Amino acid sequence: RGVVIEEIAMYEDDPSDQVHDMLGEAVFPDQPLGRPIIGTREIIGSIPEADVRAHHQAHYRAPNMVVSAAGNITPDRAR
């Protein structure tokens, strides 16, 4: 949670990101598309640590991952 809240703070320091959020909120009021993708400090801070751990353990697993490589790499080297 701490890392995400730090990311939100950095995001809030960027005027172009702020304009993007304001535009989304104006165009899509009271809809998910009008909300910041990263969430808000209040919401992120209110999620219990146990819930974050449970979500991570349930979803961040090999069957749900995609690994990709780009550039000067052979398939054998990637494997």
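Fair warning: this is a prediction, and the values are worked out from it, not measured in the lab.

A. Expanded view of the overall build of the protein. Each helix and strand counted, the protein has five helices and zero strands in total. Here the C-alpha radius of gyration of the protein, 18 Å, is well above what a compact globule of 79 residues would show, namely 12 Å. Here the analysis covers contacts within the protein between residues at least 6 apart in sequence; of these, 59% occur between residues at least 24 apart. With the model as given, the accessible surface of the protein reaches about 7000 Å², and the carbon-plus-sulfur share is 58%. Taking the average location of the 7 positive side-chain charges in the protein and that of its 13 negative ones, the two points are 14 Å from each other.

B. Molecular detail of a nonpolar patch on the surface. Taken together, the side chains of L23, V27, F28 and L33 make up a nonpolar region of the molecular surface, amounting to roughly 380 Å² of accessible area. Tracing the backbone through its elements, the reader meets F28 in the loop between α2 (15–27) and α3 (41–46). Assessed through its relative accessible area of 31%, F28 is described here as partly exposed.

C. View of the environment of S68. Take S68: it is sitting in the loop between α4 (49–59) and α5 (75–78). Relative accessible area serves as the criterion here: at 67%, S68 is assigned to the exposed category.

D. Molecular detail of the side chain of D21. Relative to the assigned elements, D21 resides in helix α2. Setting aside its immediate chain neighbours within four residues, D21 contacts Y11, G34 and P36.

E. Structural context of the environment of I38. As for its position among the elements, I38 is in the loop between α2 and α3. Through-space distance from the C-alpha of I38 to that of A50 is 20 Å; in sequence the pair is 12 residues apart. Once residues lying within four places of it in the same chain are set aside, the contact partners of I38 are V4, E7, I8 and I44.

About the criteria used
Residues numbered from 1 in each chain as written. Predicted model: local features only at pLDDT ≥ 70, side-chain atom pairs only at ≥ 80, totals over all residues. Heavy atoms only, no water. Helix = DSSP H or I, 4+ residues; strand = E, 2+ residues; numbered from the N terminus. Rg over C-alpha atoms; globule rule 2.2 N^0.38 Å. Contact = heavy atoms within 4.5 Å. Areas by Shrake-Rupley, 256 points an atom, 1.4 Å probe, with all protein chains shown as cover. Lys, Arg positive; Asp, Glu negative; His and termini not counted. Charge placed at Lys NZ, Arg CZ, Asp CG, Glu CD. Patch = residues over 30% accessible without salt bridge, like charges linked within 9 Å, V, L, I, M, F, W, Y side chains within 5 Å. Salt bridge = Lys/Arg side-chain N within 4 Å of Asp/Glu carboxyl O. Buried < 20%, exposed > 50% of the residue type's maximum accessible area, 1.4 Å probe, protein only.

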